[in-house]
Amino acid sequence: MNMFDWTMINTEKQEINVKRVSSKKRSRDALRSHLTPARKRGPGPPGETGKGPGPQGPPGETGQAQGPPAKGEHATTSTEYFSDSEDLFGNYDEDEDDDSILGDRSLLAKLDRAEQNARQTHPDGTTVVLDHPSRTTVVLDHPSRTTVVLDHPSVPDPPPVFTALRPADPPSPTPGFDEELSESLLAGLGDSFREVVAVAVPANQRDSFREEVAVPANHRDFYEEVVRHAGDKTSTPCRQPEVETSSDQDLPRRRSERQRPPVARRSMADLLKRTMLGNATAAGPSHPSRSSALKEAVLSEEMGVALRAVEDDKPDRGPFYGLPTRVKELVFSLKGIDDLYEWQKACLSLQSVTERRNLIYSLPTSGGKTLVAEILILRELLCRQKDCVFILPYVSLVQEKVRGLATLGLELDFVVEEYAGSKGRFPPVRRRLTSCLYVCTIEKGHSLVNSLIETSRLGDVGLVVVDELHMLGDGSRGAIIEMTLAKVMHVADSTQIVGMSATLGNVKDLQTFLRAENFDNDFRPVQLQEFVKLKDSIYEVDPREDDGIRLSRCLNFKYSSNMQKADPDHIVALVTEVIPGHSCLIFCPTKKNCENVAVMICKYLTEAFVQRKKEEKAELLRALKDSGGGSVCPVLRKTVPYGLAYHHSGLTSDERRLIEEAYSQGALCLLACTSTLAAGINLPARRVILRSPYVAADFLKRSQYKQMVGRAGRAGIDTMGESILVLQERDRGMAKNLLCAPMETCHSNLMKDDRRALLSLTLSLIGLKISSSVDHLRTFLSTSTLLSVQQKQLCVDSSLQEECDRSVELLKVKGLVSVCPETLALQVTKLGRATFKGSVDLSVCALLYRDLSVGLEGLLLESFLHLLYLVTPYDLSHCKPDWMLYLRQFTMLSAAEQRMCAAVGVPESLITRKAAGQTTKKGVNMEVVHRLYLALVLFALLREPPDLWGVAERFQLSRGFLQNLLSSASAFCSCVLHFSEELEEFWPYKALLSELTRRLTYCVQSELVPLMEVAGVMQSRAKQLYNAGFKTLSLLANADPSALTASVQNLFLKQARQIVASAKMLLSEKAAALQEEMDDLLMIGPDGPVL
């Protein structure tokens, strides 16, 4: 690193010595950014020249002007250049309090302060002196009698105000004064200016230095002398031929130049800033934005500080927990916050965090856990240049997070990829110059880790974050989380794992499993008060009492006899205490109960509720009608005018999104919902009411209760939050455990369901070549799993080693694993490889192979029906059909389609007997019959144009069930596709299933598919965008968010920005995939001919 040490030896002689101190050389590769020339760093994301569409040009057009940057975004130029901070910024003084390289001790600050003070002097000879406590001064004198004294203080000065950061239109100075001031500063430097140029101006820039900043005509001879004197003293290697010295033949030209009229020029401080920045951008553009260059320089240097701190394994010393100040500003701006909570600061300052050790942290719901994880992710992406994996439990959360982080990715030059449903590429695109954040569901995260291990790329992942870590104890999904984390710890021990949750019981077991530190806190941004309602009395939860509750108050609401019958639990009294002035959530045990409660409350509300925000509610109804193709749910048509709605899985994704947005904006004040909303979407309320302590027929778990009541209290809006649990006298005893008992413990699920997960783990370990013998498998299971920590409780009948041996033998019996005759090592068969590569459940892999084999014998290509049957999920076959509807739909099929149905085991005679109520013959596989019924439902949904409401009415199924069926079928279709790719005999399925996966994923007209690929854009929104003229991904990515808001109804500016950012990110992903394909085609392998 280098710095300029300016020391005045003799103030009378006005001499300045420039000393270059070099204490350490840094590799330039570590600081390459999006400013690096294209020839040095290759292609990057869209928005940079030559690699994607700019705001004013089509994709791939090189040199296209990009236009002025949007507010809050980095200014960009039409050519990339390399920010080499080695020669400019020097030792970024880590012991000082300065937050950036432009601190008070820099040369730029002195010159800028001198210029500002000098501007206060009229060029009539007035003298301005800056007199600070100092031991050395620099005197710049000029015959114009304007004298400026620059102090070099021995104590820190007040922060400078740089001209680059002033408003766009400052007051105009006295005409000619800028010119005289710059000339006076230039002349005052005298011979010492040669030393300055020798260090600050590389040889290949001296000519452009004179031309760009318009060196005064009467100083050009002096400049040429400086150039000759500087010679080869520049510290930056020449990339172009040296500037030739002038000769006598050039004198006429120079005389003519002296006679040219004066041109607008930069001040002397600007001149030196520009020149020194040019030293760091030797291959830079001829006219970059000075403000942009300064901002990029600050970001690059601060990133370098964080990089060096990480490389040296020392505590981070960056301004924002190892991150540049620019990142802090962006995060705070996008989150709408001013500062972090104290617990967040304490957590980010933990030694385990700074040393990148595994971490588990737990806080109540709405405490701000996710922000800490996002800061850690940004540090890994930007400082360590490593990829990250963010695992979330639900598809809706994945889509919400992708939308929220896309803007950050565009600003800070990293990629955000969605892995949910059928989305996601295995293995992911290899990005050589940018880091990537993979946002995944639990299942997709497991498949992603498998693909990275198989391609030896898991080391590229520096951080894995798991939200809702308590789901380790949640059945089959918990087993998948355990398998994923176990593989990461075993294969890539340098990868950090961070888990977070609001409800953790046995933290010690999880710490042992993950080899992690623990941080917990009971902080809530808004105070929560928990109450219980018994009859007409309200009790406050108090663990110190015998029953866990104490009387607080009695309800004061007059009920008529009819009203008492309709509302025996006094729900109306509880909600009218807070609505419409505040928001309220009512958690109900069933979906039908949600609708009934919403309708019942509306009957007893006054007309004032209808008049409140009437226009916003009318707009919501219009949007719901558009999303339903002209149809609106009758229940919503009744409740929305009163500001009420229901929310459960029976709604379509479009309807849920519209209701969530209306609730967040205040148009709706009450939602009656099921428990899935508590963990799925962040929708807080002033009061949360639990209609019953049951979910369906099961009594609530404490973790579920805490998730629900945690939604009470909105940070920044409410001063307190309330939860009320409605109890019946018969449930009073069980409620005490619910309110006061500790959290449930998380147990390994590898042994559940006849050891299904343990078999899957064993197969993948052998298939990924992590283990090749029984001894290796035993070692893995006994050291890297949660099951090994809890084997005393879970492995009662047999030891873990015996369970391992039993699993291997069972896999051999299934034909998934064999023993290599030569080496005696375990290896997977072709079927075994297809099973774990396709993430197919071991219980159905043999059945799937048989169905695909039989299908090849008479594959019906007349329509999608046969393929739809093959990709209908096996676990949905419990759905019982309406036999009359079944028969009616069967008779509408073509003769070829009916023959196909009979071939798979469902003849017309069978359906006719069931419709007539007669018994069927023994040996009929009813699961096949039920699967075919669901295939007929999917077949109806794929017809053009798609009619979700019509199909739901025809088959008497809810709209939400149909969308879940589509989602499950598209995900399973993707699994079958990967399964088929590993088996040569199934080659015909590859092309057929690729198209079917796309059709099932979006289920819209083909022209809307590109728009629906954008995270958060559903069918109704895609139609609106298409009708507004945004018909392609490129047009949407280059749209102005404000124009988007004006063109599309019911679209807020924040949502428009997220959509545009997501479109840009998706465009970047597609460009990177094409670039990787091109690189692979052009790459010469090690066995290629030597030219």
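About the thresholds
- Residues numbered from 1 in each chain as written.
- Predicted model: local features only at pLDDT ≥ 70, side-chain atom pairs only at ≥ 80, totals over all residues.
- Heavy atoms only, no water.
- Helix = DSSP H or I, 4+ residues; strand = E, 2+ residues; numbered from the N terminus.
- Buried < 20%, exposed > 50% of the residue type's maximum accessible area, 1.4 Å probe, protein only.
- Contact = heavy atoms within 4.5 Å.
- Areas by Shrake-Rupley, 256 points an atom, 1.4 Å probe, with all protein chains shown as cover.
- Phe/Tyr/Trp six-rings, centres within 6.5 Å; stacked < 30°, edge-to-face > 60°.
- Lys NZ or Arg CZ within 6 Å of the ring centre and 35° of its normal.
- Salt bridge = Lys/Arg side-chain N within 4 Å of Asp/Glu carboxyl O.
- Patch = residues over 30% accessible without salt bridge, like charges linked within 9 Å, V, L, I, M, F, W, Y side chains within 5 Å.
- Pairing = 2+ DSSP bridges.
- Polar contact = N/O pair within 3.5 Å; in protein donor to acceptor, adjacent residues only side chain to side chain.
- Axes fitted to C-alpha atoms, helices over the stretch in contact; angles between N-to-C directions.
- Expected span 1.5 Å × (residues − 1).

Caption draft 1: Examining the overall build of the protein more closely. When you go through the protein residue by residue, the secondary structure sums to 47 helices and 24 strands. Buried residues in the protein amount to 54% of all 1091 residues. Counting contacts in the protein only where the partners sit at least 6 residues apart, residues at least 24 apart contribute 69% of the total. For the protein, the accessible area works out to roughly 48,500 Å², and carbon and sulfur atoms hold 51% of it.

Caption draft 2: View of the packing of aromatic side chains. For the structure on display, the rule yields 15 aromatic pairs. Relative to Phe-332, the ring of Phe-320 lies with its centre 5.7 Å away and its plane at 90°, an arrangement referred to as edge-to-face. One end of the pair, Phe-320, is in the loop between α9 (290-311) and α10 (325-335); the other, Phe-332, is in helix α10, and twelve residues separate them in sequence. Here the two residues Phe-320 and Phe-332 agree in accessibility, since each one is buried. Between Tyr-933 and Phe-955, the ring centres sit 5.8 Å apart and the planes meet at 75°, which makes this aromatic pair edge-to-face. With a gap of 22 residues between them, Tyr-933 in helix α39 (residues 926-941) and Phe-955 in helix α40 (residues 948-955) connect regions that are remote in the sequence. By the ring-pair criterion, three or more aromatic residues cluster together here, those being Trp-883, Tyr-886, Tyr-933 and Phe-955. Above the ring of Tyr-869, the side-chain terminus of Arg-931 is found at 4.6 Å from the ring centroid.

Caption draft 3: Local environment of the pattern of salt bridges. Applying the stated criterion across every chain, the model contains 39 salt bridges. Note that Glu-380 and Arg-356 form a salt bridge whose closest N and O atoms lie 3.0 Å from each other. Of this pair, Glu-380 sits in helix α13 (residues 369-382) while Arg-356 sits in the loop between α12 (351-354) and β6 (359-362), and the two are 24 residues apart along the sequence. On the accessibility criterion, Arg-356 (17% relative accessible area) is buried. Salt bridges sharing partners connect three or more residues here, namely Glu-454, Arg-833, Lys-837 and Glu-982.

Caption draft 4: Representation of a nonpolar patch on the surface in the model. A cluster of nonpolar side chains, namely Met-1078, Leu-1081 and Leu-1082, defines an oily patch on the protein surface of about 350 Å² accessible area. Within the fold, Met-1078 resides in helix α47 (residues 1053-1082). Assessed through its relative accessible area of 39%, Met-1078 is described here as partly exposed.

Caption draft 5: Spatial organisation of the pairing of strand β14 (residues 537-541). Buried residues dominate β14, accounting for four of its five residues. Of the strand pairs in this sheet, strand β13 (residues 527-534) and β14 are connected by four bridges, and their pairing is antiparallel. Each residue of the ladder has a partner; that of Lys-533, found in β14, is Ile-538. Taken together, β13 and the strand that follows it, β14, pair antiparallel across an intervening segment of two residues, in which Lys-535 is found at a positive phi of about 60°. Where β14 lies against strand β15 (residues 549-554), five bridges are found, and the strand directions are antiparallel. In the sheet register, Ile-538 faces β15, and the bridge partner there is Arg-553.

Caption draft 6: A look at helix α20 (residues 591-603). Buried within α20 are the following residues: Asn-593, Cys-594, Glu-595, Val-597, Ala-598, Met-600, Ile-601 and Cys-602. On its buried side, α20 packs onto α18 (561-566), α19 (571-576), β16 (584-587), α23 (634-639), β17 (644-647) and β18 (670-673). Between the side-chain oxygen of the N-cap and the backbone nitrogen of Asn-593 there are 3.1 Å, and the N-cap of α20 in question is Thr-590.

Caption draft 7: Quick peek at the sheet that holds strand β11 (residues 496-501). Here seven strands make up an open sheet; going across it, the order is β8-β9-β7-β10-β11-β6-β12 and the pairing parallel. This sheet does not close on itself; its edge strands, each paired only once, are β8 (415-419) and β12 (517-520). Each strand axis lies, on average, 15° off the axis of its neighbour in the sheet, ignoring direction. As paired elements, strand β7 (residues 387-391) and strand β9 (residues 436-440) share four bridges and run parallel to each other. Across the sheet, the residue bridging to Cys-388 is Leu-437, located in β9. On the sheet, helix α15 (residues 442-454) packs against β7, β8, β9 and β10 (461-467) and is oriented at approximately 135° with respect to β9.

Caption draft 8: Main features of α13. Look at α13: 21 Å from first C-alpha to last across 14 residues, which is about the 20 Å you get at 1.5 Å a residue. For α13, the buried fraction is high: 13 of the 14 residues fall into the buried class.

Caption draft 9: Examining the pairing of β7 more closely. With five of five residues buried, β7 lies mostly within the body of the structure. Residues Asp-387, Val-389 and Ile-391 point to one face of β7 and Cys-388 and Phe-390 to the other, with burial holding for every one of them. Here β7 runs beside β10; their pairing, made up of five bridges, is parallel. Among the inter-strand pairings, Ile-391 is bridged to a residue of β10, identified as Val-466.

Caption draft 10: View of the sheet that holds strand β19 (residues 687-690). Reading across the sheet, the eight strands line up as β15-β14-β13-β22-β19-β16-β18-β17 and stay open at both edges, with mixed pairing between neighbours. Looking at which strands have only one partner, the edges of the open sheet turn out to be β15 and β17. Neighbour to neighbour, the strand axes of the sheet diverge by 25° on average, direction disregarded. Of the strand pairs in this sheet, β13 and strand β22 (residues 720-727) are connected by eight bridges, and their pairing is parallel. Of the residues in β22, the one forming a bridge with Gln-529 is Glu-722. Contacts between helix α26 (residues 702-709) and the sheet are confined to β13, β16, β19 and β22, with β19 contributing the most and set at about 145° to the helix.

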